[in-house]
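Coordinate inspection notes
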Amino acid sequence: MTTFPTLASTPTLDPAAPAPAAPTVRLVEVGPRDGLQNERQAIPTATKLALIRRLAAAGLKDIEATAFVSPKWVPQMADHAEVMAGLPSAAEFPGVNYPVLTPNLKGFEAALAAGAREVAVFAAASEAFSQKNINCTVAESIVRFEPILAAAQAAGVRVRGYISCVLGCPYQGEVAPEAVAAIARELLQMGCFEVSLGDTIGIGTPAGVQRLIGTVGEQVQVTRLAGHFHDTWGMGVANVAEAWRQGVRVFDSSVAGLGGCPYAKGATGNVATEDLVWLLHGLGESTGVDLEALAACGEWICAELGRPNGSRAGRALRARCAA
Ligand SMILES: CC(C)(COP(=O)([O-])OP(=O)([O-])OC[C@H]1O[C@@H](n2cnc3c(N)ncnc32)[C@H](O)[C@@H]1OP(=O)([O-])[O-])[C@@H](O)C(=O)NCCC(=O)NCCSC(=O)C[C@@](C)(O)CC(=O)[O-]
C-alpha cells in the first residue's frame, strides 16, 4: 500500500533540521539542456554556467549540461564546448556528473574532446518523431548508436539511453508500450547503463504509466529505467508518483519546469524539479537536494529568461519565505 504525502509528512523547512540522509532517489536535472534548448533568445554561456553552478550548489548530482547536436538543428546548444570548458571543478562540487546528449559519432567525439564522462543517445518509440528529431528511422538511429557505445566503452564513458514519445507522439498519436519495451531492451543490451522513458509531449496519465512500466518491466529490470515526464497536460507529478509506485527510482526534471522540445510543437517543460523534490520528500525518499536553494535558483533563472516560474512548489515556498 502506497503512502502519499500528508501535511504532517511534508518536508520540514526548519533550517536547523538534521542533514538529509544519502539519496534514495536519483534526480537527473535536465534544465540546462532540455530546459533551455527551446528558448528562442540566445542565452549567454555565462548564464548557462551560472545555472549549472546554482543547481550543483542546491545538491543536484546529475546535471545534464548541454547537447552535442547540430547547431543548425538546435542553435541554442551551439556553445556546447564552451559550456563544458566552464563547468565547475570537481573540487568545487565533488561527485557531480555532467552528462551531455550525443546523437551520432561526430557528437560523441566532440563531447569526448570537451571532457564529457557521460553521454546520452536518444531514440524514439515513434518513427515519425525519430525522423523529425534526428532525421532517420528508429532502426537507423540504433545503428548510429553502435559506434558511440563502442567508442564510449573504449574511453570509459558511461552511456545513457533515452526513448522519446513513450506515451504518445505528436505526429503519430498512440504508441504501443511493447514498442517502447523492445527499444529499451535493445539499448540496454547495447551497453546503456539506464534507459530514460520520455513522455515528450506530457500526454500520459498514471493509468498509461502503469501500463507502460508494467510492459517494459517484463523485458528489462525496472531499476534500470528512469522517468522523464513533461508536464504539458499537468500530469507530471502524478506520473512520477505512479512510476515511483511501480519501482522506478530515477527521475529527470527541470528546475522551474523550464523547457519544451523543438520537435514537439506545444510541448512544455519537464516536471519541475522543485515539485518533484517536494513529492519525493513527502513520500519519505531522500534526494540530497536543498529545496530552498533550488527554489531560489528557479526564481533566479526565470528572472534571467523573463518567463514565469513553472514550479508550483517553488512559487509556494518562495511565497512562504517572503511572508
Ligand atoms: C542528428 C542530426 C545531426 C542529423 O542531422 P542531419 O542533417 O541528418 O545530419 P548530417 O549528418 O547530414 O549533417 C548535417 C550537418 O550537421 C553537422 N552535424 C552532424 N552531426 C553533428 C553533431 N553531432 N554536432 C554538430 N554538427 C553536426 C554535419 O557536419 C553537417 O554540417 P554541414 O556539412 O551541413 O555544415 C540532427 O538531426 C540533430 O542534431 N538533431 C538533434 C535534435 C535535438 O537535439 N533534439 C532535441 C533533443 S532530444 C529531446 O529533447 C528529447 C528528450 C531526450 O529530452 C527526451 C524526451 O523528452 O522525449
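Residues numbered from 1 in each chain as written. Predicted model: local features only at pLDDT ≥ 70, side-chain atom pairs only at ≥ 80, totals over all residues. Heavy atoms only, no water.

As a matter of local geometry, the ligand sits amid 26 residues, with Lys-72, Asn-133, Asn-135, Ser-164 and Thr-200 nearest to it. With respect to the ligand, the side chain of Asn-104 contributes an N or O atom lying 2.9 Å from a nitrogen atom. Taking 1,100 Å² as the accessible area of the ligand by itself, protein coverage stands at 76%. Counting residues per element, the ones that place at least two in the shell around the ligand are helix 1 (31-35), helix 4 (105-113), helix 5 (127-134) and strand 6 (158-164). Classifying every residue of the shell around the ligand by side-chain character gives eleven nonpolar, ten polar and five charged. (Near = heavy atom within 4 Å. Polar contact = N/O pair within 3.5 Å; in protein donor to acceptor, adjacent residues only side chain to side chain. Areas by Shrake-Rupley, 256 points an atom, 1.4 Å probe, with all protein chains shown as cover. Helix = DSSP H or I, 4+ residues; strand = E, 2+ residues; numbered from the N terminus. Nonpolar A, V, L, I, M, F, W, Y, C, P; charged D, E, K, R; others polar.)

Side chains on a regular strand alternate between the two faces of the sheet. Across the seven residues that make up strand 5 (residues 118-124), a large majority, seven, are buried. Burial along strand 5 is two-sided: the face carrying Glu-118, Ala-120, Phe-122 and Ala-124 and the face carrying Val-119, Val-121 and Ala-123 are both buried. Read as a crossover between parallel neighbours, the route from strand 4 (residues 100-101) over helix 4 to strand 5 is right-handed. Bridging between strand 5 and strand 6 involves seven bridges; their strand directions are parallel. Note that in strand 6 the partner of Val-119 across the bridge is Val-159. (Buried < 20%, exposed > 50% of the residue type's maximum accessible area, 1.4 Å probe, protein only. Right-handed = clockwise from strand over helix to strand, strands pointing away. Pairing = 2+ DSSP bridges.)

On to helix 9 (residues 236-245). Taken across its ten residues, helix 9 has seven buried, putting it largely inside the fold. Listing the buried residues of helix 9 in full gives Gly-236, Asn-239, Val-240, Ala-241, Glu-242, Ala-243 and Trp-244. The inward-facing, buried residues of helix 9 abut strand 7 (194-199), helix 8 (206-216), strand 8 (225-229), strand 9 (250-253) and helix 10 (273-282). Directly after helix 9, the chain includes Gly-247, whose backbone phi takes a positive value near 105 degrees. (Contact = heavy atoms within 4.5 Å.)

Any functional reading would require information beyond the geometric quantities listed.
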